[in-house]
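Understanding the architecture of this molecule
Each chain, written out:
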There are 2 protein chains.
Amino acid sequence: MTGIADVARVTGVSMATVSRALRGLPNVSEDTRRSIREAADRLGYVPSSNASGLATGRTMAMGVVVPNVSRWFYTSVLEGIDAELRPMGYDTILFNLGVRGEDRERVFHRSILRKRVDAVIALCLDFTATEREQLASLGYPTVVVGGPVRGLRHIGVDEFGVARAATEHLIGLGHVAIGHLGGEEERGLNKRVPQRRRAGYARAMQAAGLEVRPEWTVTGAFEITDAREAALRMLDVEQRPTAVFAASDEMAIGAMLAARELGISVPGELSVIGIDNHPLADVFDLTTLAQDPYAQGALAASMMLDELSGAPARSRSVTVRTALIERGSTTSLARAAG
Amino acid sequence: MTGIADVARVTGVSMATVSRALRGLPNVSEDTRRSIREAADRLGYVPSSNASGLATGRTMAMGVVVPNVSRWFYTSVLEGIDAELRPMGYDTILFNLGVRGEDRERVFHRSILRKRVDAVIALCLDFTATEREQLASLGYPTVVVGGPVRGLRHIGVDEFGVARAATEHLIGLGHVAIGHLGGEEERGLNKRVPQRRRAGYARAMQAAGLEVRPEWTVTGAFEITDAREAALRMLDVEQRPTAVFAASDEMAIGAMLAARELGISVPGELSVIGIDNHPLADVFDLTTLAQDPYAQGALAASMMLDELSGAPARSRSVTVRTALIERGSTTSLARAAG
DNA sequence: TTGAAAGCGCTAACAT
DNA sequence: ATGTTAGCGCTTTCAA
């Protein structure tokens, strides 16, 4: 394994000069730099990140904690983070908590806390008080993407507002019998996301003087398959809603599949609206409130990088915009009836 | 930042003993160990992975190179890898090549090759000769998951065989007009996967004396949305096939969506078979040849771990099994016609 | 512009 | 069972 000393020996300069030359620092003559670069290439020298990390105190790695990597939202944020990080020479260390969070304790103690990363970005997680303390005491810049978390700043949409807007869109179309397909409050995940969305729905209904019927407010996981089953329960009854607001596009698509199976036409007999603008929303002609998780991830990453390079930490959370995209899955009650 | 020296001082023992105690090595009395553990906890001591990595020569990190994290196959493999690694104290460093592979060069030079990882698992990648040399010269154990790659062992299904089996299933049902929705040969990715699957299809057709019509062999990306468009092209014609073999379930679902849009009933007028057993295959009642990417990832990870712990490197590739899962998207031509 | 040398925080012989 | 000490490979003063 060729090290910096080998390059130095071959080039006939000191290790210090090699180090400077290779990192593009000033005060190295162009000639020296060139010959050092060439020798390094020829010898196949690659610096050890452990050694430089130990010397500088920087790991050049970002810890990203994700509940899983099967939902579109998480993977999109992840790609946004990685894309922002890579050009800066930062690596992404993925901490997957696992479906049931089995690995959570392990992730925290053995890994994140091993000074392996310079900063931590967490996706839709809720932290325990202890976990927050540990993060804080290690001095890691930390930010959460997707959903407000107490004690930590976050980047995300206005969960309440977006849900309210979605519901109001249906109300604006004349619907009065509106159901809500809500996300599950998973253990360890940020419960406030499904909660705030449900609350936004309820507020919109209430503000319009509409009845929130318990049997029309069902809960499923945030995925297509589970949402489909939940929707089957909601829709396969005598009195069903004429419109459904789903807490995510994946859930909305699950609802559309359920409707199709039950012979309920969308939007003829049922309007469906979601949140996200998932790639499949277009294929399914789904009306939705679009958000951009890739951009949220990129923003989170650049915030962390800024702070690592000495910028003052801005403790404020960032609320990103959403936009209504009207497609064919919603229609006015009048038109549907007619 | 409290270090091992602080713990040693507080406990009144040497750094070596602290190191031993905390890593669970033998030759430390239970009393000492207990008091050391306690002091470490109290002081909030966390070891520096850089320092220990530098001292041991082990990074306790696995590099995982992925084309992207938006396809089910990749994320499933990733979860399998991570699940296997985590209990062993290994972290997963994610190298996302980016949609168009923009970051490929950067990943190779700046990151993987920085001795940041102990081994490398690559997903469905093709390596250039130079890249292989670099990996080899650094002495990283390496394995590819998903698709044969020249010069490296791999873990994956028999691409040719599984495609042939899928096609033969359709033939066995009496179909003669069988189309193939093939995967795209993306730059930098393992082209042999789509190629071998196409070849398996062609062989099955040929062996049965059936005609492979060029206009029935279309190519799309491995995703639902693109596959849907490709399928629209294939199916929206006068003479269309009565069955389609898609190179993945995501593509098969794209085909089913396209069929639905064109008013072609599945399986009444069109049988569809895929490969994968994607979670949505069940929802869409899709016949498929199941594979288990999670297990493939776990296997890859444990192979790497074994070799890192001194086991002899087994250079042989591993072919994993697939299983036909018959669902409602395929039916015999006779029944469909009748 | 370049070099010498002292760490960074830990592990692993080797002693005791 | 525990302590001493010499690195691991780099960066970074401080000198020259």
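Since the model is a prediction, treat every value here as computed from it, not as a measurement. (Residues numbered from 1 in each chain as written. Chains lettered and ligands numbered in written order. Predicted model: local features only at pLDDT ≥ 70, side-chain atom pairs only at ≥ 80, totals over all residues. Heavy atoms only, no water.)

This part is about the protein's contact with DNA strand D. Near DNA strand D there are 26 residues, and of these A:Ile4, A:Ser19, B:Ser14, B:Arg20 and B:Asn27 occur at the shortest range. For DNA strand D, the backbone makes up 62% of the atoms found within 4 Å of the protein, where backbone means sugar plus phosphate. In this structure, B:Thr17 approaches DNA strand D through a side-chain N or O atom, which is 3.0 Å from a phosphate oxygen. B:Asn27 is positioned with one of its side-chain polar atoms (N or O) 2.5 Å from a phosphate oxygen of DNA strand D. Contributing elements (two or more residues each) for the surface near DNA strand D: α2 (15-22) and α4 (49-56) of chain A together with α2 (15-23) and α4 (49-56) of chain B. (Near = heavy atom within 4 Å. Polar contact = N/O pair within 3.5 Å; in protein donor to acceptor, adjacent residues only side chain to side chain. Helix = DSSP H or I, 4+ residues; strand = E, 2+ residues; numbered from the N terminus.)

Within the structure, DNA strand C sits among 27 residues, and A:Ser14, A:Arg20, A:Asn27, B:Ile4 and B:Ser19 are positioned closest to it. Put simply, 65% of the atoms of DNA strand C that lie within 4 Å of the protein are in sugar or phosphate. A distance of 2.7 Å separates a phosphate oxygen of DNA strand C from a polar backbone atom of A:Ser14. Between A:Thr17 and DNA strand C, the recorded distance is 2.9 Å, taken from a side-chain N or O atom to a phosphate oxygen. Of all the secondary-structure elements, those providing two or more residues to the surface near DNA strand C are α2 and α4 of chain A together with α2 and α4 of chain B. By residue number, the principal contributor to the surface near DNA strand C is α2(B), which donates five residues. Residue composition of the surface near DNA strand C, by class: 13 nonpolar, eleven polar and three charged. (Nonpolar A, V, L, I, M, F, W, Y, C, P; charged D, E, K, R; others polar.)

Now for the relation of the copies chain A and chain B. One copy of the chain maps onto the other through a rotation about an axis followed by a shift along the same axis. Rotating chain A by 180 degrees and translating it 0.1 Å along the rotation axis places it on chain B, where the RMSD comes to 0.2 Å. Here the two chains are linked by the operation of a two-fold rotation axis. (Least-squares fit on C-alpha atoms with pLDDT ≥ 70 in both.)

Turning to the domain arrangement of chain A, a few remarks are in order. Residues and elements named next belong to chain A. Domain boundaries assigned for chain A yield domain 1 (4-156 + 293-319) and domain 2 (159-291 + 323-337). One C-alpha centre belongs to domain 1, the other to domain 2; they are set 38 Å apart. Contact with domain 1, which involves 17 residues of that partner, is made by 16 residues of domain 2. Buried surface at the junction of domain 1 and domain 2, both sides included, amounts to about 1400 Å², of which 50% is carbon and sulfur. Counting the surface domain 1 buries against domain 2, the share from its top three residues, Arg71, Trp72 and Pro148, is 47%. At the junction of domain 1 and domain 2, the tally comes to one salt bridge. Notably, a salt bridge pairs Glu250 with Arg71, separated by 3.8 Å at the nearest N-O pair. Elements with a minimum of two residues in the side of domain 1 that touches domain 2: α5 (72-85) and α13 (293-308). A per-element tally of the side of domain 1 that touches domain 2 places α5 first, with three residues. In the side of domain 1 that touches domain 2, the residues fall into nine nonpolar, four polar and four charged. (Domains from an automatic or database assignment. Contact = heavy atoms within 4.5 Å. Buried area = accessible area lost by both parts, 1.4 Å probe. Salt bridge = Lys/Arg side-chain N within 4 Å of Asp/Glu carboxyl O.)

What follows is about the interface of chain A and chain B. With 49 residues of chain A in contact, the opposing surface of chain B contributes 49 residues. With both sides pooled, the region where chain A packs onto chain B buries about 4700 Å², and carbon together with sulfur makes up 56% of that total. At the surface where chain A touches chain B, the tally comes to two salt bridges. Where chain A meets chain B, there are 17 residue pairs in polar contact (both at pLDDT 80 or more). Listing elements by their share of the side of chain A that touches chain B, those giving two or more residues are α4, α5, β2 (91-96), α6 (104-111), α7 (129-138), α10 (224-235), α11 (249-261) and α12 (279-283) of chain A. Grouping the amino acids of the side of chain A that touches chain B by side-chain chemistry returns 22 nonpolar, 15 polar and twelve charged.

The tally for this structure, following the rule as stated, stands at 32 salt bridges over all chains. B:Glu30 is the partner of B:Arg33 in a salt bridge, and the nearest nitrogen-oxygen pair spans 3.4 Å. With B:Arg33 and B:Glu30 both in helix α3 (residues 30-43) and three residues apart, this pair spans about one turn of that helix. Given a relative accessible area of 8%, B:Arg33 falls into the buried group. B:Glu30 gets classed as partly exposed once you look at its relative accessible area, which sits at 49%. In this structure, the salt-bridge partner of B:Arg327 is B:Asp282, at a minimum N-O distance of 3.6 Å. Placement of the pair is B:Arg327 in the loop between β12 (323-325) and α14 (333-337) and B:Asp282 in helix α12 (residues 279-283), with a sequence separation of 45 residues. For B:Arg327, a relative accessible area of 18% corresponds to the buried category. Among the ionic contacts, a cluster of salt bridges with common partners joins A:Asp82, A:Arg86, A:Asp91 and B:Arg116. (Buried < 20%, exposed > 50% of the residue type's maximum accessible area, 1.4 Å probe, protein only.)

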